[in-house]
Amino acid sequence: MLTEDERGSIEESHLNSTPGPTPRRRTTLNRRSVRTLLREGQSHLFEHWPPPGEHDDDKRRFSEQVEKFSERYPGGLAAYVRRAKTLQEYVGSNQRHKEFEGCTPSIAEGVILKYGSRKYVEYEEAGLKEFARVAFVLVAGGSAERLNRGNEIKLELPTESATGICFLELYIKSILAIQHSAKKRLAFKAAKIPFVIMSSDYTHSRIKKLLTTNDCFGMCPDQIYLLKQPTSCSPPMILISSSGEVHAILFSSGLLQTWKKEGRNWVVIFEEGNGLTFKATPALLGASMLCDFDVNLLASARKGESPGAGIVQFSNKSGSRMVANIDCIHQVLSSMGHRHMDLNDFTTAHSPFPTGLDQMVLKPGPYLDELTNTQGRDMPTVLPLLEEGGYDVMLEAQ
């Protein structure tokens, strides 16, 4: 640990080696960042800090990264460090083996719809009437490397070979068709449906170019919001889950507050790479409306005892409930003594625990209230990692 004198020396060294066009403002920001790091027990970052005049460019780059991250993370740098310590202590304690102890698994509340059935058409019709009050959020931070497409991004890839229409064009044209239908069905004052694209450092410029060179595929530029998720950088190493950042960025952008004032009832979040996603959205939206769900996940049937994730509800003795998409669900249920629950049903020939399809519908009101309570920081996601004779629990900070 460093002494107070050593900390003061570090501060002076850091500040004296970071000149800029507006020294007074930069000195204030630098001093705050350095003091925050030292106060939160991160003095090891400065144990080998070079004297003034040496590696000044690296020092300046480090400082800029810290400041930029602190401005973007809800609660600032101190909140991130404290949260990381809390999660680290949790994972290192015996509590990690008791994540589901005392909990009873059950089937989450939901609606099973068979395509083409009378019930499906009823829910689809209800959802179509709600489309005028929807905002769409696309999570698009990944590359197409796993698809052996070189340096392309997923949104550039063709959805089918007949027309060659790319994923981004398909999504935009689908939203425009929904928008046109909504104008005819309802006289809604906010006629343009907002479309938010969550990009990353890797995809941001390419998505922007794709939109610019194609005139936004017919969509008005003022209804498209391209928001970039922060990514890991070195130094410092900042580890952030992209899925959790979606919630934090939406909260800090002020868009949720705007949509709530506009009278929008739903936020639809979906991931890139699925060309059929909008086929199920009307019925999913209808289920949210008719069943009054605050959060609704699109899911499909899965075979019992199969590997992979499944949606399950856990309840404890106090009466609190948690619905989660748990990876390796069969092994988790088996380790809890409920292996029989994941067997195929005789009627449907599928497990009662479906698997999520990366699309959800949320009510802006409760969604915004929850994010306000957490200042945009989502709760950790519990990901079980199987061990011989049981399971271990890994927390993904979101």
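Residues numbered from 1 in each chain as written. Predicted model: local features only at pLDDT ≥ 70, side-chain atom pairs only at ≥ 80, totals over all residues. Heavy atoms only, no water.

Asks: Would you mind going over the overall build of the chain with me for this structure?
Replies: Check the secondary structure of the chain and you find 12 helices and 11 strands. Within the chain, contacts between residues at least 6 apart in sequence are counted, and of these 69% link residues at least 24 apart. Here the chain displays about 21,400 Å² of accessible surface, and carbon together with sulfur accounts for 52% of that area. (Helix = DSSP H or I, 4+ residues; strand = E, 2+ residues; numbered from the N terminus. Contact = heavy atoms within 4.5 Å. Areas by Shrake-Rupley, 256 points an atom, 1.4 Å probe, with all protein chains shown as cover.)

Asks: Teacher, can you tell me more about the side chain of His247 here?
Replies: Within the secondary structure, His247 sits in helix 8 (residues 242–253). A polar side-chain atom of His247 sits 2.6 Å from a polar atom in the side chain of Tyr367. (Polar contact = N/O pair within 3.5 Å; in protein donor to acceptor, adjacent residues only side chain to side chain.)

Asks: Before we go on, may I ask you to explain the packing of aromatic side chains in this structure?
Replies: Any two aromatic rings considered together are summarised by their centre-to-centre distance and by the angle between their planes. Enumeration according to the criterion identifies 11 aromatic pairs in this entry. Plain terms: the ring middles of Phe131 and Phe136 are 6.4 Å apart, the flat faces sit at 35° to each other, and that makes the pair tilted. The buried category is assigned to Phe136, whose relative accessible area is 0%. An angle of 45° between the planes, with centres 6.1 Å apart, marks the rings of Phe167 and Tyr171 as tilted. With Phe167 and Tyr171 both in helix 6 (residues 167–185) and four residues apart, the pair spans about one turn of that helix. In this structure, Phe167 and Tyr171 share a single accessibility class: buried. An aromatic cluster is present here, built from Phe131, Phe136, Phe167, Tyr171, Phe270 and Phe278 joined pairwise through their rings. The ring of Tyr202 carries Arg206 above its face, with NZ or CZ at 4.8 Å from the centroid. (Phe/Tyr/Trp six-rings, centres within 6.5 Å; stacked < 30°, edge-to-face > 60°. Buried < 20%, exposed > 50% of the residue type's maximum accessible area, 1.4 Å probe, protein only. Lys NZ or Arg CZ within 6 Å of the ring centre and 35° of its normal.)

Asks: Before we go on, may I ask you to explain helix 7 (residues 204–213) in this structure?
Replies: Given 3.6 residues per helical turn, the α-helix brings residues three or four places apart onto the same face. Along helix 7, the positions that sit buried rather than exposed are Ile207, Leu210 and Leu211. Looking down the long axis of helix 7, one finds its buried residues gathered within 95° of arc, a one-sided arrangement. Relative to its buried face, helix 7 has exposed residues pointing more than 90 degrees away, namely Ser205, Lys208, Lys209, Thr212 and Thr213. At the C-terminal side of helix 7, Asp215 shows a positive phi close to 50°. (Arc of directions from axis to C-beta.)

Asks: Sorry if this is basic, but what is going on with the sheet that holds strand 9 (residues 355–362) here?
Replies: The strands that make up a sheet are held in pairs by hydrogen bonds between backbone atoms, and each pair lies either parallel or antiparallel. Strand order in the open sheet formed by six strands is 4-3-2-5-9-6, with mixed pairing between adjacent strands. The open sheet is flanked by strand 4 (224–228) and strand 6 (295–300), the only strands paired with a single partner. Here the strands of the sheet are splayed against their neighbours by 25° on average, with no regard to which way each runs. Strand direction decides the pairing type here: strand 2 (residues 134–139) and strand 3 (residues 195–199), joined by four bridges, are parallel. Each residue of the ladder has a partner; that of Val137, found in strand 3, is Val196. (Pairing = 2+ DSSP bridges. Axes fitted to C-alpha atoms, helices over the stretch in contact; angles between N-to-C directions.)

Asks: How do you make sense of the side chain of Ser351 when you look at a structure like this?
Replies: Within the secondary structure layout, Ser351 lies in the loop between helix 11 (329–335) and strand 9. Of the polar contacts made by the side chain of Ser351, one reaches the backbone nitrogen of Phe353; its length is 3.0 Å. Residue contacts for Ser351: discarding those within four places in its chain leaves Arg302, Lys303, Gly304, Asp342, Leu343 and Asn344.

Asks: Could you clarify how one ought to interpret the pattern of salt bridges in this entry?
Replies: A side chain with one charge can pair with a side chain of the opposite charge if their charged atoms come near. Evaluated as defined, the whole model comprises 13 salt bridges. Notably, a salt bridge pairs Lys192 with Asp222, separated by 3.1 Å at the nearest N-O pair. Within this pair, whereas Lys192 is found in the loop between helix 6 and strand 3, its partner Asp222 is found in the loop between helix 7 and strand 4, the two being separated by 30 residues in sequence. Linking Asp342 and Arg302 is a salt bridge whose minimum nitrogen-to-oxygen distance equals 2.8 Å. One end of the pair, Asp342, is in the loop between helix 11 and strand 9; the other, Arg302, is in the loop between strand 6 and strand 7 (310–315), with 40 residues separating them in the sequence. Judged by relative accessible area, Asp342 falls into the buried class, the value being 0%. Residue classification places Arg302 among the buried residues on the basis of a relative accessible area of 6%. One salt-bridge network, in which partners are shared between bridges, spans Arg39, Glu40 and Arg82. (Salt bridge = Lys/Arg side-chain N within 4 Å of Asp/Glu carboxyl O.)

Asks: Help me understand the sheet that holds strand 7 in this model?
Replies: Sheet architecture is open: three strands sit in the order 1-7-8, paired in antiparallel fashion. Edge strands, defined here as strands with exactly one partner in the open sheet, are strand 1 (104–106) and strand 8 (321–326). Each adjacent strand pair in this sheet contributes to an overall mean axis angle of 35°, direction not counted.

Asks: Please clarify how the confidence of the model for the chain should be interpreted in this entry.
Replies: Interpreting fine coordinate detail is not advised for predicted regions of low pLDDT. The predicted model of the chain averages 78 in pLDDT, with 76% of residues at 70 or higher. Contacts for the low-pLDDT stretch residues 232–242, under 50 throughout, to residues beyond four places or in other chains number 20 contacts. Note that residues 379–398 has pLDDT below 50 and, in this model, 53 contacts with residues that lie over four places away or in other chains. (pLDDT = per-residue confidence, 0-100.)

Asks: I'm lost on the pairing of strand 2 in this one. Help?
Replies: Side-chain direction in a regular strand flips from residue to residue, so the side chains alternate between the two faces of the sheet. For strand 2, the buried fraction is high: six of the six residues fall into the buried class. Burial along strand 2 is two-sided: Val134, Phe136 and Leu138 facing one way and Ala135, Val137 and Val139 facing the other are all buried. Sheet topology places strand 2 next to strand 5 (residues 266–271); six bridges connect them, and they run parallel. Of the residues in strand 5, the one forming a bridge with Leu138 is Phe270.

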